[in-house]
Amino acid sequence: MHKLSSSIVRRALLPTEARLIDESRQAALTERYLLPALADLEAFFLVVRALVDTELEFTLPAKQGKAYPLGQCLEISQAAHHQLQRADLRALAMSASARTGHAAFVAFRRAGGELRQVWGDLRGEFFQNAFQLGTLYLDVSNDTVTRSKPKVEILPFAEARFIPIADYRHFLRVAARYWHLRIYPNHVLPELAPYCPLLYVAPDGRMMLGDATVYMIALTRAERFEPSELILRDAPMPPDVFRRARAGLAGLAKMLPDNPEQGRDMALRACREYRRKRWHVAGREIGDVIGAVLAINAKLVPATAIRPTTIHSDHVSFAKKVHQMNTNDLIQINGIEYKLSELSEAARRELAMLQQTDARLAELQRDVAICSTARNAYANALAALLPAA
C-alpha cells in the first residue's frame, strides 16, 4: 500500500484530492446522521444511480468501445452529483428505506456535512472517481471496471484504501496497470512538458500528451513543477517513438526538438524557467492549459494512429469482416478468400465504399472519444472554479 508523501500532508488540498478535510467535525456529523442509516443510505444512492443510468445509458451508451457503464466512473459521478442537487428528489417514488436514507443525507448536509467529489488511486489497481461523504467513502460507480460488482459502495474512508496520487511515479504505476499503455516522458513538446510531462502510446499506435487533468496539473504546480521535472529526467524517449510523435505534431508547435536528447534538455530547462518566472503561482490558468493540450491531442491522436489491416463493419451483414492481403491480391470476406482482380466492377465499387465507410466510422469514433475527453476536462476545470456548495 502506498504511503502519503510528506508534501501531500503539508500542502493545501488540491481539486478532487482523495483526502479527508475537517476530519474531526465531519466524523462527529457522520456518526450522528449517517452511521445509523447506512443501509438506508445505500438504498437512496441506488435510486440516484437509477436516475443516472436512465440518462447516461441513452446519451453515452459506450465509451472507447466498452458498453455502459464500463469506463464511465467520471461521467456517472458527475451526473450523480447533479442529481443530488435537485430540489425535487423528495417527490420521487422511493422505497421506505430509500426515503429514510434521503432524509439522513439531507439532515447531514444541512448540519454542515461535506459532500465532495474526489479522484485517486483505489487499492493500487485503478483510478477512481468517488465522493467524500463526511468520513465515508461513497462510490456510486463501483461497477465501471468490473460490471458484476454492486453499483454503490459505502465504506469508512480510512478503510477504502483510496489515496491521492502523490507524484508522477505513483501515477505511472497505476496507469500502466489500469490502462495498458506504454508511457514515456514528454521529450517531444518541451513547451508543455512542465504541465504535461507524459506521452501515452496506445496499442494501435495512437499518441496523446498527458496528463491534462485538473488534479495532475494542480499537483505539479503546487510543487513548483518538480514532479514534472523528476519524470522528465528519465532517459530520452526511444527514437522511433520520438520520430512518430514529432511527425504528428508538425505544424502544431513553434519549435520542436530535433532529437530525443535535445527534447529532454529543452523540457528540463522549461521546468526551471517556468519555476523562475513563478508560473506555478501565476502562470497559465489550468483551464487554458487543458484547452491547449486537448487541441493538440485532437490532431496528434488521429495523426499517429496506425490504421488496422482488418476492416470491420457492423452495419453490413455480408461483409462483417474484410481483410485485404496485398501480397497476393487476395481478400477475405466472411472467412472465404477471393482474388480482388477477379471481382466484378460492381463488387469492387461496393468494397471500396465499404472500406471508405469503415474508415469514416473509425474517424467519427475517435472524434467522439476526443470530444468526450474534452468535455470531462472542461467539467473538471469548471468544478474546480466553483464556490464550495
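What you see is a predicted model, and the numbers here were worked out from it, not measured in a lab.

A word on the pairing of strand β4 (residues 126-133)
Along β4, eight of the eight residues are buried, which leaves the element largely enclosed by surrounding structure. Burial along β4 is two-sided: the face carrying Phe126, Gln128, Ala130 and Gln132 and the face carrying Phe127, Asn129, Phe131 and Leu133 are both buried. In this structure, the hairpin formed by strand β3 (residues 115-122) and β4 is closed by a connection of three residues, where Arg123 is found at a positive phi of approximately 60 degrees. Where β4 and strand β5 (residues 136-139) come together, three bridges link them in antiparallel fashion. Across the sheet, Gln132 pairs through a bridge with Tyr137, a residue of β5. Once β4 ends, the chain turns through two residues before running back antiparallel as β5, passing Gly134 with a positive phi of about 60 degrees.

Concerning the pairing of β3
By the criterion of burial, β3 is predominantly enclosed, with eight of the eight residues buried. Here β3 pairs with β4 via eight bridges, running antiparallel. Residue pairing for β4: Gln117 is matched across the bridge by Phe131. The pairing of β3 with strand β7 (residues 162-163) spans two bridges and is antiparallel. Within β7, the position partnered with Asp121 by the bridge is Ile163.

A closer look at the sheet that holds strand β8 (residues 182-185)
Spatial ordering of the open sheet is given by β8-β9-β10, a layout of three strands whose pairing is antiparallel. Edge strands, defined here as strands with exactly one partner in the open sheet, are β8 and β10 (207-210). Recorded for the sheet is a direction-independent mean angle of 25 degrees between the axes of neighbouring strands. Relative to β10, strand β9 (residues 198-201) runs antiparallel, the two sharing four bridges. Of the residues in β10, the one forming a bridge with Tyr200 is Met208. Where helix α6 (residues 168-179) meets the sheet, it contacts β8 and β9, and its direction lies at approximately 10 degrees from that of β9.

Some remarks on the nonpolar core
Judged by nonpolar contacts, the single largest core of 52 residues is most densely connected at Phe171, Leu189, Tyr195, Leu198, Leu199, Leu209 and Met216. Ranked by the residues each element gives to this core, the list is headed by helix α12 (residues 286-304), at seven residues. Counting 31 residues, the second-largest nonpolar core is a separate cluster that includes Ile76, Ala79, Leu84 and Leu136.

A short note on the sheet that holds β3
What the five strands build is an open sheet, ordered β6-β5-β4-β3-β7; its pairing is antiparallel. Each edge of the open sheet is held by one strand with a lone partner, namely β6 (153-156) and β7. Pairing between β5 and β6: four bridges, direction antiparallel. Pairing of Asp139 across the sheet is with Glu153, part of β6.

Details of the packing of helix α3 (residues 38-59) against helix α5 (residues 96-110)
Packed helix pairs are specified by the crossing angle of their axes together with the interaxial distance, meaning the distance between the axes. In the contact formed by α3 and α5, the axes pass within 7 Å of each other and the chain directions differ by 100 degrees. For the element pair α3 / α5, the angle class is roughly perpendicular. Contacts between α3 and α5 involve Ala39, Asp40, Leu41, Ala43, Phe44, Phe45 and Val47 from the first element and Ser97, Ala98, Thr100, Gly101, His102, Ala104 and Phe105 from the second. Its residues assigned to classes, the contact of α3 with α5 shows nine nonpolar, four polar and one charged.

A word on the packing of aromatic side chains
Scanning all chains against the criterion turns up 20 aromatic pairs. Ring geometry for Trp179 versus Tyr200: centroids 5.7 Å apart, planes at 70 degrees, classification edge-to-face. Separated by 21 residues along the polypeptide, Trp179 in helix α6 and Tyr200 in strand β9 bring together distant segments of the chain. On the basis of relative accessibility, which here comes to 31%, the residue Trp179 falls in the partly exposed class. On the basis of relative accessibility, which here comes to 6%, the residue Tyr200 falls in the buried class.

Quick word on unusual backbone geometry
In this structure, the amide linkage connecting Tyr68 to the following residue, Pro69, adopts the cis form with an omega of 10 degrees. Position of Pro69 among the secondary structure elements: in the loop between β2 (66-67) and α4 (73-84). In this chain, Gly210 is followed by Asp211 through a cis amide linkage whose omega measures 5 degrees. On the secondary structure map, Asp211 appears in the loop between β10 and α7 (214-222). The backbone of Thr16 shows a phi angle near 60 degrees, a positive value even though the residue is not glycine. Within the secondary structure, Thr16 sits in the loop between α1 (6-10) and α2 (23-34). Owing to a relative accessible area of 25%, Thr16 belongs among the partly exposed residues under this scheme. Its identity as a non-glycine residue notwithstanding, Arg278 has a phi of 60 degrees, on the positive side. Within the secondary structure layout, Arg278 lies in the loop between α10 (260-276) and α11 (279-282).

Calculation criteria
- Residues numbered from 1 in each chain as written.
- Predicted model: local features only at pLDDT ≥ 70, side-chain atom pairs only at ≥ 80, totals over all residues.
- Heavy atoms only, no water.
- Buried < 20%, exposed > 50% of the residue type's maximum accessible area, 1.4 Å probe, protein only.
- Helix = DSSP H or I, 4+ residues; strand = E, 2+ residues; numbered from the N terminus.
- Pairing = 2+ DSSP bridges.
- Axes fitted to C-alpha atoms, helices over the stretch in contact; angles between N-to-C directions.
- Contact = heavy atoms within 4.5 Å.
- Core = buried A, V, L, I, M, F, W, Y, C linked by side-chain atoms within 4.5 Å.
- Parallel < 35°, antiparallel > 145°, perpendicular 65-115°, else oblique.
- Nonpolar A, V, L, I, M, F, W, Y, C, P; charged D, E, K, R; others polar.
- Phe/Tyr/Trp six-rings, centres within 6.5 Å; stacked < 30°, edge-to-face > 60°.

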